[in-house]
Amino acid sequence: MKEYPVLGKKDTRSGFGDGLLELGKKNDQVVAMCADLTGSLKMGAFKEAFPDRFFQAGIAEANMIGMAAGMTIGGKIPFTGTFANFSTSRVYDQIRQSIAYSEKNVKICASHAGLTLGEDGATHQVLEDVGMMKMLPNMCVINPCDYNQTKAATLAIADYEGPVYLRFGRPSVPIFIPEDMPFEIGKGIMLSEGTDVTIVATGHLVWKALEAAKELEGKGISAEVINIHTIKPLDEEIILNSVMKTKCIVTAEEHQIAGGLGESVSSLLCRTIPTPQEFVAVDDTFGESGTPAELMTKYGLDAIDIVTACEAVMTRK
Amino acid sequence: MADIAQLKSVSSQVRRDIVRMVHANSSGHPGGSLGCVEYFVALYFEILNHNSADFDMDGFDEDIFFLSNGHISPVWYSVLAHSGYFEKAELATFRKLNSRLQGHPATEEGLEGIRIASGSLGQGLSVGIGTAITKKLNGEDSLIYTLHGDGELQEGQIWEAAMYAAANKVDNLIATVDYNGRQIDGDVDDVLSLGDLEGKWKAFGWEVITEDNGNDIESVINVLNKAKTLTGKGKPVMILLRTEMGQGVDYMMGTHKWHGSAPNDEQLANALGQLEETLGDY
């Protein structure tokens, strides 16, 4: 299989922060807002460089979302920043009416998504955000996998006209996407071709999918690994072409099974090419306090869980 | 100032439009709509610097209005039509399938004059603040106007926005509360009292004007003009506008019962008998 050397280790939120700073220099219509989590969101450099285009909303997320919608009238491109939980469930109605239904060009940027937020526990570990956001008409949903991809995605969404939910995280994770790889919204990336089983992964699970594919290769199983960074709109073609070849699929994500990427994939497949599928995702439970690594293991989101799922799904062909 | 007699004539026709629109669907919100007629007529015919002939979402160099209590859409639609944003005949499509005149205002079908959806309460002040900030960033001295129901002030987001606007000196914003004292379930004081509303806004750092004659067109024009003189001085401006829910139709006044109820045929005839047809029914 194709090898992806580790280029370093960094948190995806830093990819957002660095991308935002670059955007600030490139596009003077870009403005940023944060609800008292500037450091956590890595928005400090933008704030420092462009104080007139940075807005501290305080711990008042609903107002921040409404203001962002209003700021688009007159041409600004607002990037809001807070934890994924407070970017979605706390302000769902504000996003629904003032942004999605009103078709406003707001970029909702959400850090600390999923279990890997770690020790703060389940109150902060949102695992339902992708589902909530993808259900909204007009909303584009993106979950990049490493620092480089998050930075590229941050730059790309400024050029996309319409509401976007950009989801990233807190822990330091391997960087393996080449810095110069173009980021195309709605276009999946074929990371490694294979013939026996398709693995479709998003976010932090993409690196684990590559690790799993390597493990499977040692067992004589050829896994195809696809990175779906844009959950909506979904790249249907890359998934359908793959399952026509492999006849089975595993989806992997740091999210509930309900509402996640896996559900989008199964919805596509049942309408087109019914295909055996296994889900590597959280199964209808809240998280808890722990280190990111402990949590990923306990809730079944490790490379070994992807390996096991691949072996299981291959028996169902 | 515009001819007051002419504005009163527009107001009478707008009231006829409102009761006819809600009657035609047996649904809609006539009470608050009737109570806010003078505010809308004053705003669109006298106060706003706006371009109704060539609507542009960004509204560069225009004053911009947001209706936060979207349920009083009938009065807004009627005044937008009379101001030239779209044909008056389109008022007949209100709340009908495939209409641009949704029950609550929406942008999806491109209705001229509408810049954001509203209906779920409490969101319009935040939106107004956002656009006010954009006006400043763009170097414009245009003003932002918002309207809110008094019951709507029970929403927490309003107070998040109130705090933000004052703390950040958003002083190109004139918000108005339709202070009619009534909401769906009854009197605001009985449902969830707002207490000392003027004191609350002042404590939040706003410039506050209370106007007791919110259904007198001259008084409304005057208070809006006074509010304009208070902009640009480091504080957002709030007008507490005392109005009468159901104003102009006797049986709809003095009660909360016509907040969201439509008149039947007989009640419509009664209402129209009280409202002069001045500019021709749509």
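### Overview of the sheet that holds strand 11 (residues 223–227) of chain A
Residues and elements named next belong to chain A.
- Taken in spatial order, the 5 strands line up as 9-11-10-13-14 in an open sheet, and their pairing is mixed. Two strands close off the open sheet at either side, each with one partner strand: strand 9 (189–192) and strand 14 (277–282). Taken over all neighbouring pairs, the strand axes of this sheet differ in orientation by 25 degrees on average, direction set aside.
- In terms of strand pairing, strand 10 (residues 197–201) meets strand 11 through 5 bridges, oriented parallel. Residue pairing for strand 11: Ile199 is matched across the bridge by Val225.

### Here we look at the pairing of strand 2 (residues 30–34) of chain A
All names here are of chain A.
- Taking burial as the measure, the 5 residues of strand 2 include 5 buried ones, the bulk of the element.
- Here 5 bridges tie strand 2 to strand 4 (residues 77–83), and the two strands are oriented parallel to one another. For Val30, the partnering residue across the bridge sits in strand 4 and is Ile77.

### Re the interface of chain B and chain A
- Contacts between chain B and chain A engage 29 residues on the former and 27 residues on the latter.
- Here chain B and chain A share an interface that buries about 2,300 Å² over both sides, 53% of which is from carbon and sulfur atoms.
- The largest share of the area that chain B buries against chain A comes from B:Gln123, B:Glu160 and B:Tyr164, three residues that together contribute 23% of it.
- Linking chain B to chain A there are 0 salt bridges.
- Our count for the contact surface shared by chain B and chain A stands at 18 residue pairs in polar contact (both at pLDDT 80 or more).
- The element best represented in the side of chain B that touches chain A is helix 5 (residues 124–137) of chain B, accounting for 8 residues.
- Of the residues in the side of chain B that touches chain A, the class split is 13 nonpolar, 12 polar and 4 charged.

### Remarks on the packing of aromatic side chains
All names here are of chain B.
- As enumerated under the stated definition, the model contains 17 aromatic pairs over all chains in all.
- Taken together, a centroid distance of 6.1 Å and an interplanar angle of 50 degrees make the contact between Tyr39 and Phe65 tilted. Highlighted residues: Tyr39 in helix 3 (residues 37–47) and Phe65 in strand 1 (residues 64–67), separated in sequence by 26 residues.
- By relative accessible area, which is 2% here, Phe65 ends up buried.
- Ring centres 5.4 Å apart and planes at 80 degrees place the aromatic pair Phe40 and Phe65 in the edge-to-face group.

### A short note on the packing of helix 1 (residues 4–25) of chain B against helix 3 of chain B
Residues and elements named next belong to chain B.
- For the pair helix 1 and helix 3, interaxial distance at closest approach is 10 Å and the crossing angle is 125 degrees. Classified by the angle their axes make, helix 1 and helix 3 are oblique. Crossing geometry of helix 1 relative to helix 3 is assigned as right-handed. In this structure, helix 1 uses Leu7, Val10, Ser11, Val14, Arg15 and Ile18 to contact helix 3, whose residues at the interface are Val37, Glu38, Val41 and Phe45.
- Its residues assigned to classes, the contact of helix 1 with helix 3 shows 7 nonpolar, 1 polar and 2 charged.

Cut-off values and rules
Residues numbered from 1 in each chain as written. Chains lettered and ligands numbered in written order. Predicted model: local features only at pLDDT ≥ 70, side-chain atom pairs only at ≥ 80, totals over all residues. Heavy atoms only, no water. Pairing = 2+ DSSP bridges. Helix = DSSP H or I, 4+ residues; strand = E, 2+ residues; numbered from the N terminus. Axes fitted to C-alpha atoms, helices over the stretch in contact; angles between N-to-C directions. Buried < 20%, exposed > 50% of the residue type's maximum accessible area, 1.4 Å probe, protein only. Contact = heavy atoms within 4.5 Å. Buried area = accessible area lost by both parts, 1.4 Å probe. Salt bridge = Lys/Arg side-chain N within 4 Å of Asp/Glu carboxyl O. Polar contact = N/O pair within 3.5 Å; in protein donor to acceptor, adjacent residues only side chain to side chain. Nonpolar A, V, L, I, M, F, W, Y, C, P; charged D, E, K, R; others polar. Phe/Tyr/Trp six-rings, centres within 6.5 Å; stacked < 30°, edge-to-face > 60°. Parallel < 35°, antiparallel > 145°, perpendicular 65-115°, else oblique. Left-handed = near helix turned anticlockwise from the far one by under 90°.

By themselves, these are just geometric observations and shouldn't be taken as functional.
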